[in-house]
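# Chain and residue survey
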Amino acid sequence: MFFLIGVASAAMLPSYYRSRMSRTAEKMFAESSYQKALGKYTLAFTDQGIASCTPTGKSNIAWNAVDHVSITPDYLFIFLAGPQGFIIPRAQVQESTIAEVKAYVEAHISIQTTASV
């Protein structure tokens, strides 16, 4: 009985963790202090990775640091290794652009996965 509970928990835990992480990120981003601290930012997607420019600085993220990409009705989430990522409000970007970015990121994540195997 305990074995079956353990197997069921192990199978459901990753999806629960991702959904919980998405909900937490949405709540945190809705707070005004995060918007003031980050302000407007730009992202550039290249074959080498993601270049970001925020009021606090610039950074370049290699594709192998990107864990996964997720889309909700309100946001596009690009999760990096660890508790980092990019949150893109869908209301601020054209719907076709959101779909293109998601597909582009997914393609580059899969390229990195197959290159490292």
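Here goes a summary of the coordinates provided.

Let us look at the pattern of salt bridges. One pass over the structure, following the stated rule, counts two salt bridges. Across the pair Glu95 and Arg90 runs a salt bridge whose closest N-O atoms are separated by 2.2 Å. What makes Glu95 partly exposed here is its relative accessible area of 45%. Its relative accessible area of 17% is what places Arg90 among the buried residues.

Sheet architecture is open: three strands sit in the order β1-β2-β3, paired in antiparallel fashion. With one partner strand each, in any of the chains shown, β1 (42-45) and β3 (57-62) form the two edges of the open sheet. In this sheet, adjacent strand axes meet at a mean angle of 15° when their direction is disregarded. Here six bridges tie strand β2 (residues 49-54) to β3, and the two strands are oriented antiparallel to one another. Paired with Ile50 across the strands is Ile61, a residue of β3.

The subject of this paragraph is the packing of aromatic side chains. Applying the stated criterion to the full structure yields three aromatic pairs. Arranged with centres 6.0 Å apart and planes meeting at 65°, the rings of Trp63 and Tyr104 form a pair that is edge-to-face. Within this pair, whereas Trp63 is found in the loop between β3 and β4 (66-71), its partner Tyr104 is found in helix α3 (residues 95-116), the two being separated by 41 residues in sequence. A ring pair is formed by Phe77 and Phe79, whose centres lie 5.6 Å apart and whose planes are at 20°; its orientation type is stacked. Phe79 matches Phe77 in its accessibility class, with the two residues each being buried. Each member of the aromatic cluster is reached from another via a ring pair, and the members are Tyr75, Phe77 and Phe79.

Of all six residues making up strand β5 (residues 75-80), six are buried, and the element is well covered by its neighbours. Burial along β5 is two-sided: Tyr75, Phe77 and Phe79 facing one way and Leu76, Ile78 and Leu80 facing the other are all buried. Relative to β5, β4 runs antiparallel, the two sharing five bridges. Bridging across to β5, Val69 finds its partner in Ile78. The turn joining β4 and β5, which pair antiparallel and follow one another in sequence, is formed by three residues. As paired strands, β5 and strand β6 (residues 85-89) are joined by five bridges and run antiparallel to one another. Residue pairing for β6: Phe79 is matched across the bridge by Gly85. The antiparallel hairpin formed by β5 and β6 contains four residues in its connecting segment, where Gly82 sits at a positive phi of about 80°.

Parameters and conventions
Residues numbered from 1 in each chain as written. Predicted model: local features only at pLDDT ≥ 70, side-chain atom pairs only at ≥ 80, totals over all residues. Heavy atoms only, no water. Salt bridge = Lys/Arg side-chain N within 4 Å of Asp/Glu carboxyl O. Buried < 20%, exposed > 50% of the residue type's maximum accessible area, 1.4 Å probe, protein only. Pairing = 2+ DSSP bridges. Helix = DSSP H or I, 4+ residues; strand = E, 2+ residues; numbered from the N terminus. Axes fitted to C-alpha atoms, helices over the stretch in contact; angles between N-to-C directions. Phe/Tyr/Trp six-rings, centres within 6.5 Å; stacked < 30°, edge-to-face > 60°.

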